[in-house]
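Remarks on the overall topology
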Amino acid sequence: VLGGPDYTRLVRRPSDWSARMRPSFRAFSRHPCRTLAELGTGLSGAIATFRFRTPYELDETQAEPVLQLFLESAGITRLRLGHADPSARFPIANEASDTSGHTYVLLAEGMERRALEQKGPRIAEAMCRDFEAVGEVRWESYLLAFALGR
């Protein structure tokens, strides 16, 4: 999808709405990733994203035990760890980013945003301790809105 003609056209020539709303993004960075690890089920009402860098490439056998500990704690229903693809054609950002090492994005899903926010600092701490993340582990939580219909 990211390399397709429709998306290429949108990035190069955004719609009026897209052009107007993009400047409102603060510290925005999009990193297309390949999935490294995925644990749990997708039932959730909130999500937290964590972005961090490591000096070396992580593998699934290294990542899963660390993530499993958080999945077993109350409030987290699913974890997905992605390794950012540095060759992606359209990484979009409005902030300068360090390109050394390997960039990862962790998505933590849960039933309540408050529970994710309470666990956020501990998750960020684990990324530093267990994955040797360098620099700041940036994270934010979001409330998911959805509608079911026929």
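The structure under discussion appears in the preceding block.
This text gives an overview of the structure that appears in the document.

What counts, and where the lines are drawn
Residues numbered from 1 in each chain as written. Predicted model: local features only at pLDDT ≥ 70, side-chain atom pairs only at ≥ 80, totals over all residues. Heavy atoms only, no water. Salt bridge = Lys/Arg side-chain N within 4 Å of Asp/Glu carboxyl O. Helix = DSSP H or I, 4+ residues; strand = E, 2+ residues; numbered from the N terminus. Buried < 20%, exposed > 50% of the residue type's maximum accessible area, 1.4 Å probe, protein only. Pairing = 2+ DSSP bridges.

1. Quick look at the pattern of salt bridges
Using the criterion set out here, one finds seven salt bridges in the structure. Glu 117 serves as the salt-bridge partner of Arg 113, at 3.1 Å between the closest nitrogen and oxygen. Of the two residues, Arg 113 and Glu 117 are both situated in helix α4 (residues 113–131); the distance of four residues between them amounts to about one turn of the helix. Given a relative accessible area of 32%, Arg 113 falls into the partly exposed group. Relative accessible area serves as the criterion here: at 34%, Glu 117 is assigned to the partly exposed category. The salt bridge partner of Arg 113 is Glu 140, with a shortest N-O separation of 4.0 Å. Remark: Glu 140 occurs in strand β7 (residues 134–143) and Arg 113 occurs in helix α4; sequence separation between them is 27 residues.

2. Here we look at the pairing of strand β3 (residues 46–54)
Burial of β3 is extensive: eight of the nine residues sit out of reach of the surface. Pairing of β3 with strand β6 (residues 102–110), which is carried by nine bridges, proceeds in the antiparallel orientation. Looking at the pairing, Thr 49 lines up with Leu 107 of β6. In this structure, β3 lies alongside β7, joined through seven bridges in antiparallel fashion. Each bridged residue has a counterpart across the sheet, and for Thr 49 the counterpart in β7 is Glu 140.

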